[in-house]
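The lines below spell out each chain.
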Amino acid sequence: MKTKIFTFLFLVFIGVFTVFAQETSKKDAKEKKKTEKENQVKALVNSGSFVFIADRAMPQGGRTVDLISYQAYVKFQQDLIESSLPYFGRAYRGVGYGGDSGLEFEGKPENYNLEDGKKNVKIINTRVKGDHDSFNLNLTITPSGYATLTVLSNNRNSITYTGVIKALEKVTE
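Below, the structure is looked at part by part. (Residues numbered from 1 in each chain as written. Predicted model: local features only at pLDDT ≥ 70, side-chain atom pairs only at ≥ 80, totals over all residues. Heavy atoms only, no water.)

## Describing the overall build of the protein chain
Stage number 1. The helix and strand inventory of the protein chain stands at one helix and 10 strands.
Stage number 2. Of the regular secondary structure in the protein chain, the N- to C-terminal order runs α-β-β-β-β-β-β-β-β-β-β.
Stage number 3. Across the 173 residues that make up the protein chain, the buried fraction comes to 29%.
Stage number 4. Looking at the protein chain alone, contacts between residues at least 24 apart form 45% of all its contacts between residues at least 6 apart. (Helix = DSSP H or I, 4+ residues; strand = E, 2+ residues; numbered from the N terminus. Buried < 20%, exposed > 50% of the residue type's maximum accessible area, 1.4 Å probe, protein only. Contact = heavy atoms within 4.5 Å.)

## Considering the environment of His-132
Stage number 1. Considering the arrangement of structural elements, one finds His-132 in the loop between strand E7 (122–129) and strand E8 (134–141).
Stage number 2. Residue class for His-132 comes out exposed when judged on its relative accessible area of 70%.
Stage number 3. In sequence terms His-132 and Asn-154 are 22 residues apart; their C-alpha atoms lie 9.7 Å from each other.

## What about the pattern of salt bridges?
It is possible for side chains bearing opposite charge to pair when their charged atoms get close.
Stage number 1. By the definition in use, this model includes one salt bridge.
Stage number 2. Note that Asp-116 and Lys-122 form a salt bridge whose closest N and O atoms lie 2.5 Å from each other.
Stage number 3. Assessed through its relative accessible area of 11%, Lys-122 is described here as buried. (Salt bridge = Lys/Arg side-chain N within 4 Å of Asp/Glu carboxyl O.)

## Structural notes on the side chain of Ser-134
Stage number 1. Within the secondary structure, Ser-134 sits in strand E8.
Stage number 2. Given the relative accessible area of 5%, Ser-134 is considered buried.
Stage number 3. A polar atom in the side chain of Ser-134 sits 2.9 Å from the side chain of Asn-154.
Stage number 4. Sequence-distant contacts of Ser-134, defined by excluding residues within four places in its chain, comprise Arg-127, Val-128, Lys-129, Leu-152, Ser-153 and Asn-154. (Polar contact = N/O pair within 3.5 Å; in protein donor to acceptor, adjacent residues only side chain to side chain.)

Shown next, in the form of structure tokens:
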């Protein structure tokens, strides 16, 4: 009888220890994957060449607009920023009624500033002059790659976009 009890307890101990070891390895794998993603995002931001892909727009004083049907992006490069974002909000001047093409501009970034924020957040502030307006861009990037872009303009209300950052695709000709 004692041998049966001893054998039973031994098997229970082995089973519990195996389950605990599997839990630890799952946590380690998840933590390793998270660390790899954070390192990729950090390298991408530090390189200065990436694209912000917007999935939602939040105009000042308006409803949130889902951007699934739009190709909304801002390409950040060291010598050029190219934007193709829809605009929802109030324009003050320089935009004819019904003739607005959104925040479509490209130009050389001025005063490009990359800062480290709290909790490993990266913050990019820059200014870009378009054909008819100038834009202040404030991009906040979390370690997981999610980002928030706020665009301030001389001729329009501010607007905020949320989305993700990704590597720029190289064009082959």
